[in-house]
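The primary structure of each chain is shown beneath.
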There are 2 protein chains.
Amino acid sequence: MQDKEFLMIPGPTPVPQSVLLDMAKHPMGHRSSEFSSLLSEVYNDLKWAFQTKNEVFVYTASGTGAMEAAISNVVNKGDKVLSLVIGNFGERWAKIAASVGAEVEKIQVDPGQAINPAVLSKRLKEDVNKEIKVVTMTHNETSTGVTNDVQTLCAMVQEHGALSIVDGITSVGCMPVKADEWGIDILISGSQKGFMIPPGLSFLTCSEKAMKAYEQCEHPSFYFDFKAYKKAVNDNSTPYTPAVNLFVALHTALQMMKKEGLENIYARHARNAKAVRAAMRAMNMPLFVEDDEIASKAITAVLPPEGITVPQIRSTMKKDFDIVIANGQGKLVDKIFRMGHMGFVSDRDVLSAISSLEATMYKLGHKFEVGAGTAAAIKVLNEAKQKALV
Amino acid sequence: MQDKEFLMIPGPTPVPQSVLLDMAKHPMGHRSSEFSSLLSEVYNDLKWAFQTKNEVFVYTASGTGAMEAAISNVVNKGDKVLSLVIGNFGERWAKIAASVGAEVEKIQVDPGQAINPAVLSKRLKEDVNKEIKVVTMTHNETSTGVTNDVQTLCAMVQEHGALSIVDGITSVGCMPVKADEWGIDILISGSQKGFMIPPGLSFLTCSEKAMKAYEQCEHPSFYFDFKAYKKAVNDNSTPYTPAVNLFVALHTALQMMKKEGLENIYARHARNAKAVRAAMRAMNMPLFVEDDEIASKAITAVLPPEGITVPQIRSTMKKDFDIVIANGQGKLVDKIFRMGHMGFVSDRDVLSAISSLEATMYKLGHKFEVGAGTAAAIKVLNEAKQKALV
């Protein structure tokens, strides 16, 4: 059915109508006072979303651009970078660090696992000469649906003295992340996830310690240069021509986020993730990440039951119900499917996705009690809302 | 008056309504077959716009991002780069080359002048040891309204053996640029000029010779990496999450451009520039670039007459007629104003801008024959259209 498609992938995510319509307005001049006052609000609201007193830079680039910004502004050729890798996006940090000539060491776990803080602690304690300059990590690993305990990991990095660089692309605006309180030195995110707008902008905030490392950087990227963006934020401006219409969209989306409140946003993501997981268990659909403690609040990875394939599930969901869910990535292609529930996703959307998945699995001949998934999700959502009222 | 603002600045430029509305559609998944087939058309149409058989890469970034891409994929630390500088944007090439550690030499002229091909020829002939690896230049220098003779300059660079890197941000889709025929090694452009969509995308095409230089590049940028984008174009894909909605907008705009035809687009820009220049002369408004041969087809820089200031002219145009014209940049702030006539600008828009400028200058007490500017523009437009019919 035309115009009915609904994205439940890990980005792009659904965009509110008011955001789409504001984005469709004629672009304004990026050096106008109107745009400058819009920027002033956007920059302030981003500090709130990132829970930081420091400037949040906005790059006209996708999340990978902000990742390159993070590395290229503080890492020199030959620097030692420790990359904590739990999936494709953790691996990307290692690749970018290598691309600028860093000496990269990895702590790697199997897909579906999180970093064990004890392993990092041991490695950092061994580094008595403080050779490790930077530790990179992923908060929410979208490729597997696993969340690292960034608060604990960053505290360890801070104690050691290295810089922590955190990919919060699918965590900021979805689950608690406190840049300052947790001592994160560089935290990045992207527009098409928790921020509910289309892809094309990415965000970065950095600590005073990271700015000091920048001062020692021999060849920071010109396009992503920290100093140019820091100055721009303080001038309510941008260093180069920004994606004006996406900034207008972001401004509208941030108003919506503030109205809902961060705690409510986090609670919505938490209960929706819990509802999806309960539904999968009730439907005899094996979760890729069994441990609820490390399971993502923004995306759920699921293994297909025996005899049914990931492409069958994805194409039936698309064809019969106009819902797009994601395949696995890399070695996990056709091994798992991933259902995104981040950003502009309501309880109703989750119920609609689960009931459609029930219909899909029923059609494909999976053995389960039809209706049990939806029932489990309903109970979780109800319980979470009752608790919130207490 | 609300919603009446019309941009006649050098970007963002006016955007067609159909483009805005297509851009406002819900984002589609960037790994879907629908998006892939849209990409296939976009990539083909860009080859047409750039007049090249090679792939045109699309970066989710503003024009400066594509500039960084051009340099960071072919220039190593210590390489010798010759930058031809006729204004701010020519200077930007030199800055970016310096930022990656290149040894930068400049050929610089006063604002309002173009590069004299004889000067480049002499310098390249002196370089008997072929130390110059790259020559950067600006096709249309937006800060001054001057166009370089890129065809002649690139032929010289080709004969020498160095790589030519050309900023075509405000020239591609506005005036003739033939990447292959002119032997341009790297040609870049941006979305918010001739391509008639909002800012946020930039384009780059490179020759086989430039790809060979890339192979020798020690630390190409990860986000802008040539090889990753070349592969993506051939797979009708993108390496990282693209600004999906801007791609949809670009697809619509390219359909419009093809319908109009490149020759007609170039002719429209040429006659509108000529009309603006004739009007300024008829109004006793001194042109910053007197020589018609080197004057830009996309933007016209004008000196305020004695006793009247640039801020007075700009604010009256904005307040009374909702037309935004640009100030000068850098040392030219308040010394010149710049009227953009690039992209989605019709003959009617040019007449509307000129008649509004006449009203503005009349109000501000400038001595001239009121109506003479509009009359001169009408005659130029009429003559150009008559000639086109012959």
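Just so you know, the residues in each chain are numbered from 1, in the order the chain's sequence is written. Going through the entries in the order they are written, you letter the chains from A and number the ligands from 1. Given that this is a predicted model, residues contribute local features only at a pLDDT of at least 70 and side-chain atom pairs are listed and counted only at 80 or more, while totals for whole chains, interfaces and linings are drawn from all residues. As a rule here, side-chain values come from all non-hydrogen atoms in the structure, and water together with hydrogens is ignored.

### Notes on the confidence of the model for chain A
Link 1 in the chain: With 100% of its residues at a pLDDT of 70 or more, chain A has an overall mean of 97.
Link 2 in the chain: Predicted complex metrics record ipTM = 0.96 and pTM = 0.97. Values of pLDDT, the confidence the predictor places in each residue, fall between 0 and 100.

### So, helix α4 (residues 88-99) of chain A
Residue and element names in this part refer to chain A.
Link 1 in the chain: Strands are runs of DSSP state E lasting at least 2 residues, helices are runs of H or I lasting at least 4, and numbering of each runs from the N terminus. Under the convention used throughout, the expected extent of a helix is 1.5 Å for every residue step, that is, one less than its residue count. Compared with an ideal rise of 1.5 Å per residue, which puts twelve residues at 16 Å, α4 spans 16 Å between its outermost C-alpha atoms and is within 8% of the ideal.
Link 2 in the chain: Think of it in three bands: residues with accessible area under 20% of the maximum for their type are buried, residues over 50% are exposed, and the middle band is partly exposed, with areas taken using a 1.4 Å probe on protein chains only. Burial within α4 is extensive, with nine of its twelve residues counted as buried.
Link 3 in the chain: Turning to α4, its buried residues number three or more, namely F89, G90, E91, R92, W93, A94, I96, A97 and S99.
Link 4 in the chain: In the segment just after α4, G101 is the residue with positive phi, at about 95°.

### Quick notes on the domain arrangement of chain A
By a widely used convention, the size of an interface equals the accessible area lost when the partners come together.
Residue and element names in this part refer to chain A.
Link 1 in the chain: For chain A, the assigned domains read domain 1 (17-259) and domain 2 (261-389).
Link 2 in the chain: Bear in mind that the domain bounds are from an automatic or database domain assignment. Computed over C-alpha atoms only, the centres of domain 1 and domain 2 are separated by 28 Å.
Link 3 in the chain: Note: buried area is the sum, over both parts, of the accessible area (probe 1.4 Å) each one loses when the two are combined. Roughly 2000 Å² of surface becomes buried between domain 1 and domain 2 when both sides are summed, with 64% attributable to carbon and sulfur atoms.
Link 4 in the chain: Definition used for salt bridges: Asp or Glu carboxyl oxygen within 4 Å of a side-chain nitrogen of Lys or Arg. The tally of links from domain 1 across to domain 2 stands at zero salt bridges.
Link 5 in the chain: By the criterion applied in these results, polar contacts are pairs of N or O atoms within 3.5 Å in which, for protein atoms, one can donate a hydrogen and the other can accept it, and in which residues neighboring in sequence qualify only through two side-chain atoms. Put simply, domain 1 and domain 2 have seven residue pairs in polar contact (both at pLDDT 80 or more) between them.
Link 6 in the chain: Those elements that place two or more of their residues in the side of domain 1 that touches domain 2 are α2 (33-50), α4, β7 (146-147) and α9 (244-260).
Link 7 in the chain: Broken down by element, the residue count for the side of domain 1 that touches domain 2 peaks at four residues, all from α9.
Link 8 in the chain: Grouping the amino acids of the side of domain 1 that touches domain 2 by side-chain chemistry returns 13 nonpolar, 13 polar and three charged. Under the grouping applied here, Gly and all other residues not named as nonpolar or charged are polar, the nonpolar ones being Ala, Val, Leu, Ile, Met, Phe, Trp, Tyr, Cys and Pro and the charged ones Asp, Glu, Lys and Arg.

### Points about the interface of chain B and chain A
Link 1 in the chain: Residue contacts are defined here by distance: any two heavy atoms, one from each residue, within 4.5 Å place the two residues in contact. Counting residues at the interface gives 49 residues for chain B and 49 residues for chain A.
Link 2 in the chain: Together, the buried faces of chain B and chain A total about 3600 Å²; carbon and sulfur atoms form 63% of this surface.
Link 3 in the chain: Summed over the shared surface of chain B and chain A, the result is four salt bridges.
Link 4 in the chain: The salt bridge involving E34(B) is made with K318(A); its shortest N-O contact spans 3.1 Å.
Link 5 in the chain: Across the contact surface, chain B and chain A share 18 residue pairs in polar contact (both at pLDDT 80 or more).
Link 6 in the chain: Within the residue set of the side of chain B that touches chain A, elements represented by two or more residues are α1 (17-23), α3 (63-72), α4 (88-99) and α9 (244-260) of chain B.
Link 7 in the chain: Broken down by element, the side of chain B that touches chain A gets its largest block of residues, four residues, from α4(B).

### Re the packing of helix α11 (residues 310-321) of chain A against helix α12 (residues 347-363) of chain A
Residues and elements named next belong to chain A.
Link 1 in the chain: For the pair α11 and α12, the least separation of the axes is 10 Å and the interaxial angle reads 115°. For the element pair α11 and α12, the recorded crossing hand is right-handed. On α12, the residues that touch I313, T316, M317, D320 and F321 of α11 are A353, S356, L357, A359, T360, M361 and K363. Note on method: axes are straight lines fitted to C-alpha atoms, helices fitted across the in-contact stretch only, with angles between N-to-C directions ranging 0 to 180 degrees. By definition, any crossing whose near helix is turned counterclockwise from its far helix by less than a right angle is left-handed, and any crossing with a clockwise turn is right-handed.

### Notes on the environment of D292(B)
All names here are of chain B.
Link 1 in the chain: By secondary structure assignment, the location of D292 is in the loop between α10 (262-282) and β11 (299-302).
Link 2 in the chain: When sequence neighbours within four positions are dropped, the list of residues in contact with D292 reads R277 and R281.
Link 3 in the chain: A polar side-chain atom of D292 sits 2.7 Å from a polar atom in the side chain of R277.

### Regarding the pattern of salt bridges
A pair can form between side chains of opposite charge whenever their charged atoms are brought close.
Link 1 in the chain: Applying the stated criterion across every chain yields a total of 44 salt bridges over all chains.
Link 2 in the chain: The salt bridge partner of E55(A) is K230(A), with a shortest N-O separation of 3.1 Å. Of this pair, E55(A) sits in the loop between α2 and β2 (56-60) while K230(A) sits in helix α8 (residues 226-234), and the two are 175 residues apart along the sequence.
Link 3 in the chain: The exposure class of K230(A) is partly exposed, given its relative accessible area of 27%.
Link 4 in the chain: One salt bridge connects R123(B) with E126(B), and the closest N-O pair in it is separated by 3.9 Å. A residue pair is termed a helical-turn pair when its members lie 3 or 4 positions apart in one helix, as R123(B) and E126(B) do in helix α5 (residues 117-126) at three residues.
Link 5 in the chain: Among the charged side chains, a network of salt bridges with common partners joins K80(A), E103(A), E105(A), K122(A), R123(A) and E126(A).

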